[in-house]
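# Working through the structure, step by step
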Amino acid sequence: MMNKVVFVFFFFLALVQVYGQSGFQKEVDAIVKRNDSLWDSSKETVVFAGSSSIRFWKDVQERFPDYQILNAGFGGSQTSDLLYYLDKLVLRYKPIKIFIYEGDNDISAKKRPQQIIKTTERVLNEIKSVLPSAEIVLISAKPSISRWKFKGKYKRLNKRFSKIAAISEMVFYANVWDIMLNGKKVRQDIFVEDGLHMNKIGYNLWYQQIKPFLP
């Protein structure tokens, strides 16, 4: 009886995961179609991947005009979703550098930092197996007004991201957490009305932290 219960539990868990990922299929297909139309395979490519903080960075190409930038952000995604769509969104473009912003939604979904790190490591290993010379930049989870109650978990996650970068070849860490604070509180002037997504001021701060990786 116990074996049947365990089987049903994990079967249900698998269905939930697949359903959640399939919910992004139309958006991912649209992103691929757009990026395919922009991509020049003769040029070196940089991919920004992750959740809505990447998706809404509309002027990332204009910010870095010396590079061919592809924005592969899809809103609401978690690290497991990026892993699932990694080939379609990232690997197929053979980028020389990949910026990843995931973990924000994972924490909000009550996943533990340890669980997020394990999935992140799977993402990194998959990239390295296909693109061994690519540089990977892990962007720290950002503080926000709407999710400030999770700040402790975000900080623990960011410490783990930093540690991965410190001990891994070709992996780097971009700290956007500290610059978005005013003392020990999150800045109030860098978000749109929902208190989660950034306005232009917020993206100006991100640009300051990202540009050393794209000199």
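Scroll up to find the structure.
The present account deals with the structure reproduced in this document.

Conventions and cut-offs
Residues numbered from 1 in each chain as written. Predicted model: local features only at pLDDT ≥ 70, side-chain atom pairs only at ≥ 80, totals over all residues. Heavy atoms only, no water. Helix = DSSP H or I, 4+ residues; strand = E, 2+ residues; numbered from the N terminus. Buried < 20%, exposed > 50% of the residue type's maximum accessible area, 1.4 Å probe, protein only. Contact = heavy atoms within 4.5 Å. Arc of directions from axis to C-beta. Polar contact = N/O pair within 3.5 Å; in protein donor to acceptor, adjacent residues only side chain to side chain. Core = buried A, V, L, I, M, F, W, Y, C linked by side-chain atoms within 4.5 Å. Pairing = 2+ DSSP bridges. Axes fitted to C-alpha atoms, helices over the stretch in contact; angles between N-to-C directions.

### With respect to the side chain of D106
Note on placement: D106 falls in helix α7 (residues 104-108). The exposure class assigned to D106 is buried, which follows from its relative accessible area of 1%. If sequence neighbours within four positions are ignored, D106 has contacts with Q78, T79, K111 and I116.

### Examining helix α10 (residues 200-210)
What α10 keeps buried is the set G202, Y203, L205, W206 and I210. Axial view of α10: buried residues confined to an arc of 150°, hence all on one face. In this structure, the buried side of α10 is in contact with β1 (45-50), α3 (52-55), α4 (60-63), β3 (97-101), β4 (135-139) and β5 (171-174). If you check the start of α10, you find a side-chain oxygen 3.0 Å away from the backbone N of I201, and it comes from N199.

### Re the nonpolar core
Among the nonpolar cores identified, the biggest contains 64 residues, and F48, L89, F99, I139 and W206 are the most heavily contacted of them. Leaving out residues up to four positions away in the same chain, L89 has contacts with V28, I31, V32, V47, A72 and F74.

### Concerning the sheet that holds β3
The strand order β2-β1-β3-β4-β5 describes an open sheet built from five strands, whose pairing is parallel. If you trace the sheet from one side to the other, it starts and ends with β2 (68-73) and β5, each paired once. The sheet shows a mean angle of 20° between the axes of neighbouring strands, taken without regard to direction. Pairing of β1 with β2 involves six bridges; the strand directions are parallel. From the neighbouring strand, F48 faces β2, where its bridge partner is N71. Across the sheet, helix α8 (residues 113-130) lies against β3, β4 and β5, angled at about 160° from β4, the strand it touches most.

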